[in-house]
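# Overview (structure and organization)
Below are the chains, spelled out letter by letter.
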Amino acid sequence: MSPTRRLSRVLCTAFFTENKHSSSHILAILCLRCVVAGTGILGIPHALSRSGWVGLVFLLLSAAMFQFCGILLIRCLTYRQPHRLSGFAEIGQVAFGKPGMIVGGVFSQLLLVFTPTLYLILAGDNVSRLANVVHLSIGREACTWILTAIIGIPYTLVRTMRDVSFMSFFACMATVCLLLVTTAVAVSDAQSETGASTAAHHDWALPENIPIAFSTFSFSFCGNVIFPQLEASMATPHRWPQVQLVATVCITVMYSLMGLLCYMVYGSEVFNPVFDSLPQGTAQNVAMIVTTVHVLLAIPMYLYVFTLSVEAWLFQQEASSPWRLFVKQHPFATRAVVRTAQISFCAVVAMFTPYFSDFMSLLGTIASESLTFVLPCVFWIKLAWTRREGQFRELLTCLIIAIAGTFCAVFGTADALKAFLQDFRK
């Protein structure tokens, strides 16, 4: 059997089977690459332009922290618990009681709601620009609602994590295509005597911009909010560290290649998203198309994880009133209403927030750094070290990551919020 046919069979088996623990290692790696290496790859060169070449060190450091904290998060789910926890909110409750539950729940839900919003901002703008290429005048707002309808209709039919993870293969292929197109054009521009690289300006280090640049790196490695559901869907959950390691290495190689080449060629003038730095024409249009395909395929993963908690709360209510009785008797209609309202909210926010780069930085500083680096370490310290069962090196690593993540989150949020408000004033 050919490798392509074998992969197709694995994906189809994971999609149609009803067994909860049915996802293979390949499917889990594809899902990780899909949700992590999405819009993050578009902002890496711009983050380097803010921090200078030293940003490459912070990029590799972010990858190592992402791997370490991802494993910690999964360990927190089952550490000395009578049953497996479901995510950040329950881990926070076990560690710190109600305050921990509120903090973990709020930050995770913020990321699950506003990451699809960020994707809709990017996709709506891309489709509007592509329509202008073929002489069709369609506003960004109209494109946003069209894409919302395209996503929303099949999204209401999703039943399990396997249903949405099946799309990860095509999303990963779109990201690889984006990487190939962008780097090929960048190399071509570098070899051209009149290209952008002839006048590109580079810096070794810009310390004052490192916190906000680090927020982009952290957002580029965010996605651990769906790790609990993804790990639970695996046929062999105990292999999670190896699965995450393979995905982390692949993502880091892609990020490093994109950031190194594009910053070297376009310098401090590189844009976020990076395809805006490419010469106008076929290459830029292809980059926008594959980026749009990727984000549209990734949106349902975040939305599905968010809606799990909402639908679980609705369906567990006692049928003591007419509307609760309706919920019990009409689960599909209830699910359709909840999910339509959810994606419509994302579309409304995206329609009134046309600032992709600054919104990405703001989301990265507020939610991504906390969820990706700070909270897993803080939760693990509380769970393991109150029982004196952790190792000293592990404790020291957790403390360093938590302090560094908090520092960058605080100062990065101030810088990102200032830039975001300046956009609105303009």
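Structure's up top.
Computed from a prediction, not measured in an experiment: that's the story for all the values here.

### Thoughts on the overall build of the chain
- Assigned secondary structure in the chain consists of 17 helices and zero strands.
- Residues classed as buried in the chain amount to 55% of the 426 residues present.
- Across the chain, every contact between residues at least 6 apart in sequence was considered, and the portion connecting residues at least 24 apart equals 84%.

### Thoughts on the pattern of salt bridges
- Taken as a whole and assessed by the stated rule, the structure comprises four salt bridges.
- Where Glu 231 meets Arg 84, a salt bridge forms, and the shortest distance between an N and an O atom there is 2.5 Å. Residue Glu 231 is located in helix α11 (residues 227-232), and its partner Arg 84 is located in the loop between α4 (55-78) and α5 (88-96); the two are separated by 147 residues in the primary sequence.
- Given the relative accessible area of 34%, Arg 84 is considered partly exposed.
- For the salt bridge of Arg 129 with Asp 276, the shortest nitrogen-to-oxygen distance reads 2.8 Å. Of this pair, Arg 129 sits in helix α6 (residues 98-133) while Asp 276 sits in the loop between α12 (240-266) and α13 (282-315), placing them 147 residues apart in sequence.
- Assessed through its relative accessible area of 25%, Arg 129 is described here as partly exposed.
- The exposure class of Asp 276 is partly exposed, given its relative accessible area of 27%.
- One continuous salt-bridge network, built from bridges that share partners, spans Asp 125, Arg 129 and Asp 276.

### Some words on the packing of aromatic side chains
- A full pass over the atoms with the stated rule returns twelve aromatic pairs.
- The interplanar angle of 65 degrees and the centroid separation of 4.7 Å between the aromatic rings of Trp 53 and Tyr 263 together place this pair among those described as edge-to-face. Taken together, the positions of Trp 53 in the loop between α3 (40-51) and α4 and Tyr 263 in helix α12 put the pair 210 residues apart, joining distant regions of the chain. With respect to class, Trp 53 is no different from Tyr 263; both count as buried.
- Aromatic rings pair up to connect Phe 66, Phe 221, Phe 227, Trp 240 and Tyr 255 into one cluster.
- Positioned above the aromatic ring of Tyr 155 is the side chain of Arg 339, whose terminal nitrogen or guanidinium carbon lies 5.1 Å from the ring centre.

What counts and how
- Residues numbered from 1 in each chain as written.
- Predicted model: local features only at pLDDT ≥ 70, side-chain atom pairs only at ≥ 80, totals over all residues.
- Heavy atoms only, no water.
- Helix = DSSP H or I, 4+ residues; strand = E, 2+ residues; numbered from the N terminus.
- Buried < 20%, exposed > 50% of the residue type's maximum accessible area, 1.4 Å probe, protein only.
- Contact = heavy atoms within 4.5 Å.
- Salt bridge = Lys/Arg side-chain N within 4 Å of Asp/Glu carboxyl O.
- Phe/Tyr/Trp six-rings, centres within 6.5 Å; stacked < 30°, edge-to-face > 60°.
- Lys NZ or Arg CZ within 6 Å of the ring centre and 35° of its normal.

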